[in-house]
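A look at the structure
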Amino acid sequence: MKSFGFKPWMLPQPVLIIGTYNQQGTANAMNAAWGGQLGMNEFIISLGSHATTDNLQINSAFTIAFATKDTMVAADYVGLVCARKDADKMAKVGWTVEKAPNVNAPVFTDFPMTMECRVKEKLYESEGGYWLVGEIVNILCDEKCLNADGNPDVEKMELITFDPVSHKYIQLGAVVGNAFSCGRLLK
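What comes next is a walk through the structure.

Some words on the overall build of the protein
- When helices and strands are tallied, the protein shows four helices and 12 strands.
- Compactness check: the protein gives a C-alpha radius of gyration of 17 Å against a globular reference of 16 Å for 187 residues, within 12% of the reference.
- C-alpha extents for the protein along the principal axes are approximately 60 × 45 × 30 Å.
- Within the protein, the proportion of its 187 residues that are buried is 39%.
- In the protein, 16 positive and 20 negative side-chain charges are present, and the distance between their average locations comes to 6 Å.

The structure is reproduced here in structure tokens:
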């Protein structure tokens, strides 16, 4: 095996869109790759210093949407452009925005699934940012992306993952097995 030393190459990495409101109540979004589930009802995200972190100082609520093949270009754009420098950033992406039903944060309805969250704590806070721990309050899912049982269907969502090795977005693929089941073949 070839050795690469330390690299930030955890795979797969979800492409997360963090939604917040600014002081005037205007929706903002940023792209964040370094985040994941932390226990049953918490999420953790590494955030640098952004308009999003400014917004979280004002309002301790946010949403997390998962980028898809169809939202990829705009999702990449909100990661390239900071609302501190471009006040018209959100108009350029053209996403439909609704207020989340349970927290004071925007829901971008162009995404198939969104988690409504509250700030639980900020870890290792510095000038450069912090680790944001959020409590998941609710999960919203587009009804077009539900399976026959009424649960979210990941295949229908066409979610993408960030490849930190080659800096590409890759669409998640097909089901290859059943968790908590396929391993029984070795019993």
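Examining the state of the cysteines
- As enumerated under the stated definition, the model contains zero disulfides in all.
- In this structure Cys 141 is a free cysteine whose sulfur lies 5.5 Å from that of Cys 145, the closest cysteine sulfur available.
- On the basis of relative accessible area, Cys 141 is assigned to the partly exposed category, the value being 23%.

Describing the pattern of salt bridges
- By the definition in use, this model includes five salt bridges.
- Where Lys 92 meets Asp 86, a salt bridge forms, and the shortest distance between an N and an O atom there is 2.9 Å.
- Since its relative accessible area comes to 16%, Asp 86 is described here as buried.

Comments concerning the side chain of Asp 153
- Summarising the element assignment, Asp 153 is placed in the loop between strand 10 (129-141) and helix 4 (154-157).
- With no salt bridge to any partner, buried Asp 153 finds its closest opposite charge in Lys 156, at an N-O distance of 4.4 Å.
- For Asp 153, the contacting residues outside a window of four places in its chain are Cys 145, Leu 146 and Asn 147.

Notes on helix 1 (residues 51-58)
- What helix 1 keeps buried is the set Ala 51, Thr 52, Thr 53, Asn 55 and Leu 56.
- Taken together, the buried residues of helix 1 touch strand 2 (16-21), strand 3 (27-32), strand 5 (42-48), strand 6 (61-66), strand 9 (113-126) and strand 10.

Some details on the nonpolar core
- Ile 18, Ile 45, Phe 62 and Ile 64 are the most contacted members of the largest nonpolar core, which has 20 residues in total.
- Within the residue set of this core, elements represented by two or more residues are strand 2, strand 3, strand 5, strand 6, strand 9 and strand 10.

Re the sheet that holds strand 4 (residues 35-37)
- Sheet architecture is open: seven strands sit in the order 3-2-6-9-10-5-4, paired in antiparallel fashion. Since the sheet does not close on itself, it has two edges, and those belong to strand 3 and strand 4, each with one partner. Direction aside, the axes of adjacent strands within the sheet are offset by 30° on average.
- In the sheet, strand 6 pairs with strand 9 via five bridges, with the strands oriented antiparallel. Counted as the bridge partner of Ala 65 is Thr 114 from strand 9.
- The sheet strands contacting helix 1 are strand 2, strand 3, strand 5, strand 6, strand 9 and strand 10, and the helix crosses strand 2 at an angle near 45°.
- Sheet strands touched by helix 2 (residues 72-80): strand 2 and strand 3. Its angle to strand 3, the strand with the most contacts, is close to 95°.

About the criteria used
- Residues numbered from 1 in each chain as written.
- Predicted model: local features only at pLDDT ≥ 70, side-chain atom pairs only at ≥ 80, totals over all residues.
- Heavy atoms only, no water.
- Helix = DSSP H or I, 4+ residues; strand = E, 2+ residues; numbered from the N terminus.
- Rg over C-alpha atoms; globule rule 2.2 N^0.38 Å.
- Buried < 20%, exposed > 50% of the residue type's maximum accessible area, 1.4 Å probe, protein only.
- Lys, Arg positive; Asp, Glu negative; His and termini not counted.
- Charge placed at Lys NZ, Arg CZ, Asp CG, Glu CD.
- Disulfide = S-S within 2.5 Å.
- Salt bridge = Lys/Arg side-chain N within 4 Å of Asp/Glu carboxyl O.
- Contact = heavy atoms within 4.5 Å.
- Core = buried A, V, L, I, M, F, W, Y, C linked by side-chain atoms within 4.5 Å.
- Pairing = 2+ DSSP bridges.
- Axes fitted to C-alpha atoms, helices over the stretch in contact; angles between N-to-C directions.

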